[in-house]
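Each chain, letter by letter, is given below.
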Amino acid sequence: MQDISEKLDQEVLARRDDLIALTQDLIRIPTLNPPGECYRDVCEFLADRLKRQGFEVRLIRAHDTPGDSDRYPRWNLVARREGARPGSCVHFNGHTDVVEVGQGWTTDPFGGELKDGLIYGRGACDMKGGIAAAIVAVEAFLAKCPDFAGAIEISATADEETGGYGGVAYLAEQGYFNPERVQHVIIPEPLNKDRICLGHRGVWWAELETYGRIAHGSMPFLGDCAVRHMGAVMREMEDVLYPALAARKTAMPVVPDGARSSTLNINSIHGGQDERPADFDGWPSAVVPDSCRMIIDRRFLAEESLEDVRDEFRQVVDRARERGPDFKYRLSDMHDVLPSMTDRDAPVVQALSGAMAAKFGKDPEFVVSPGTYDQKHIDRIGRLKNCVAYGPGILDLAHQPDEYVGVNDMLDSATVMATALAGLLGVTADGEAG
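What you see is a predicted model; the values in this text were computed from it and never measured.

Caption draft 1: Molecular detail of the packing of aromatic side chains. Scanning all chains against the criterion turns up three aromatic pairs. Here the aromatic rings of Tyr120 and Tyr404 are separated by 5.5 Å at their centres, their planes lie at 55 degrees, and the arrangement is tilted. Highlighted residues: Tyr120 in strand S5 (residues 118-120) and Tyr404 in strand S16 (residues 404-406), separated in sequence by 284 residues. With relative accessibility at 15%, the residue Tyr120 sits in the buried group. A relative accessible area of 24% means that Tyr404 is categorised as partly exposed.

Caption draft 2: Just the layout of surface pockets, in detail. Counted as a void, the largest pocket has a volume near 840 Å³. Forming the boundary of the largest pocket are 31 residues, of which Glu161, Arg299, Gly371, Thr372 and His399 lie nearest the centre. Among the secondary structure elements, those contributing two or more residues to the lining of the largest pocket are strand S9 (202-211), strand S11 (291-300) and strand S12 (328-337). Looking at the lining of the largest pocket, its residues break down into 13 nonpolar, nine polar and nine charged. As for the second largest pocket, its lining consists of 15 residues, of which Arg228, His229, Ala232, Arg235 and Pro325 are closest to the centre. Where the lining of the second largest pocket is concerned, the elements lending two or more residues are helix H6 (226-247) and helix H7 (306-323). The dominant element in the lining of the second largest pocket, judged by the number of residues it contributes, is H6, at six residues. Considered class by class, the residues forming the lining of the second largest pocket number six nonpolar, three polar and six charged.

Caption draft 3: Spatial organisation of the pattern of salt bridges. Scanning the entire structure with this criterion turns up 34 salt bridges. The residue Arg122 makes a salt bridge to Glu403 at a minimum N-O spacing of 2.6 Å. Remark: Glu403 occurs in the loop between strand S15 (387-389) and S16 and Arg122 occurs in the loop between S5 and helix H4 (124-144); sequence separation between them is 281 residues. Taken as a pair, Arg122 and Glu403 share a single burial class, namely buried. For Arg321, the salt bridge is made with Asp326, and the minimal N-O distance between the two is 3.1 Å. Exposure remark for Asp326: the relative accessible area of 57% places this residue in the exposed category. Overlapping salt bridges bring together Asp9, Lys193, Lys359, Asp409 and Asp412 as one network.

Caption draft 4: The arrangement of the sheet that holds S5 in detail. Overall, antiparallel pairing links the three strands, which are arranged S4-S5-S16 in an open sheet. Whereas interior strands pair on both sides, the edge strands pair on one side only; in this sheet they are strand S4 (114-115) and S16. With three bridges joining them, S5 and S16 adopt antiparallel strand pairing. What sits directly across from Leu118, in S16, is Gly406. Sitting on the sheet, helix H2 (residues 16-27) is in contact with S4, S5 and S16, with an inclination near 15 degrees to S5.

Caption draft 5: Broad picture of the sheet that holds S9. Strand order in the open sheet formed by four strands is S10-S11-S9-S12, and the pairing between neighbours is antiparallel. The strands lining the two open edges of the sheet, one partner per strand, are strand S10 (263-271) and S12. Across the sheet, the mean angle separating the axes of adjacent strands is 15 degrees when strand polarity is ignored. Two elements, S10 and S11, share eight bridges in a ladder whose sense is antiparallel. Each bridged residue has a counterpart across the sheet, and for Ser268 the counterpart in S11 is Ile295. Across the face of the sheet, H6 comes into contact with S9, S10 and S11 while running at roughly 175 degrees to S10.

Reading guide: rules and limits
- Within each chain, residue numbers correspond to sequence positions counted from 1 in written order.
- It should be noted that, the model being predicted, local features are given only for residues of pLDDT at least 70 and side-chain atom pairs only at 80 or more, the latter also being counted only at that level, while totals for whole chains, interfaces and linings use all residues.
- With hydrogens and water stripped out, all remaining heavy atoms of the structure feed into the side-chain values.
- Here is the rule: rings of Phe, Tyr and Trp (six-membered ring for Trp) pair when centre to centre is within 6.5 Å. Planes less than 30 degrees apart are stacked, more than 60 are edge-to-face, and the remainder are tilted.
- Labels follow the DSSP assignment, with helices taken as runs of H or I lasting at least four residues and strands as runs of E lasting at least two, numbered in each case from the N terminus.
- Burial classes: relative accessible area under 20% of the type maximum marks a residue as buried, over 50% as exposed, and values in between as partly exposed (1.4 Å probe, protein chains only).
- Think of a 1 Å grid over the protein atoms and nothing else: a 1.4 Å probe that fits but is trapped marks a cavity, an open set flanked by protein within 12 Å on at least five of seven lines marks a pocket, and residues with an atom within 4 Å of a point count as lining.
- Grid points are joined across faces, edges and corners, and a volume is the space filled by probe spheres set on the points.
- Amino acids outside the nonpolar list (Ala, Val, Leu, Ile, Met, Phe, Trp, Tyr, Cys, Pro) and the charged list (Asp, Glu, Lys, Arg) are all regarded as polar, and Gly is one of them.
- Here, a salt bridge means any side-chain nitrogen of Lys or Arg that lies within 4 Å of a carboxyl oxygen of Asp or Glu.
- Paired strands, as defined in this entry, are two strands with at least two bridges between them according to DSSP.
- Every residue pair with non-hydrogen atoms within 4.5 Å of one another is taken to be in contact.
- To obtain each axis, a line is fitted to C-alpha atoms, and for helices this fit is confined to the stretch in contact; angles are then taken between N-to-C directions over 0 to 180 degrees.

See the structure below:
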C-alpha cells in the first residue's frame, strides 16, 4: 500500500490548485438550509464536472419529503462510473447544504477566500471541503488506475443539517444504498484527517406541553399557570435527571469526552402569549398562561434503549406532578435515531486504516460522533453496515463564524481516500486490478 499511496499522493498534489478552485466554487453556491436554496445549482455544477470524468449522472428530486416544495425542491446527485470488470462499488457521499451564516464573520461567508493556506466560508469545513477532496481523490485514482474493477459512485445530497430526510434517507428508500448495489461507503465529514469516525450516538427529540387554565393576571389564584407546571418538570430534571445522565458512560469512543455521557438539551421553551410582532410596540394582556411547550434534544448511548429513554423522561414528568399541584400534559415524539457504530474490522475501516498508516506513518484514532449524520440512514434504511465518516476539517469549526478548511488537510485526506479506494477495489502498486 505504501507504493500506491506515494503514486496517488503525487497525483493529488499535482491537483492542488484545482482542489482549491473546486472548494471555492462550491462555497460560492449559497446552499442555505433552511430553507434549502440552490440545491439544483450545486448538483448541476458537480454533474458537469463528473460527466467529463466519464460518470453517468442522475439528478433526483426527493418529492414530498420534509421541506420539499416547488420553491425549494430537494435535489440530489448520484454519479456512477463502471470499471473495466465487475467488482465492488465504493461510494463517496457528501451533503451540499449549509447552516445559516450567523454573526461574527470577518470574511465573506460565501466568498471562499484563500488566506495562509486556509479557505474560508460557510460550509468550507462542513462539508464542501470534504466533497471537493473526495472528488479530487477519485479523479487522481482514475488517472493512475484507469483499469480498475468494480464501480465508483459519488453522491451530493440535501438536508443533512435538518435530518437528511430529503437526501440520503430518500435515496436509501429508493434502493441507492442497497448492499447488493453498493458495498463500501465513505462520508467525508470533518472529523480530522487522522481519525476514522465509526458512527454516532442516538437521538430522541420530543415536545412536552403542560396545560393549565387561563385567568386574569391580577387574580392568578383563579387560574392554573402552565409555566409553573413546566418549572416543576425542570426542577425535577435538574435535581434527578441531569445527575443521572452525567453518571452514565459509554464504551463507544465518542468525542469530545463530555459526550461519552448521556446528554439532554432544552432546545426551546415557550409559555403564554405569542411573541409580539416586530411592528407592534404595545403591551401584552394580563392573563395566566394555560399552555407551555418545551422541545428536548436527548442524546443517548449504545448501552441505552430508546424505550428506556422515553420512559425515563415520562417518569420525570410524572414525579413533577406528584410533588406539586396536579396538571395535565402531552408528551409527543418528534423524531428518533438509534446509535450506530461500524465494526473496526469492517473492510472500509481496514482500507482507510492502511491508507492512513501509509500516509501518516501511524494508526488512526477511532472515534464516534456526538451528533448524528447521514450514516444513520445508510445503516437503518439501506441496511449497509460497511460505512464510516472520514474527511478533512476540524469538527469544532462546523457552524462557527469564519469557518475554514485547510488546503493541506484536504490534500492529505484526498490521498488517504484515493489509497483506500485502491485497496477496496484491489488495485496494486502498478495501477492494475489485483
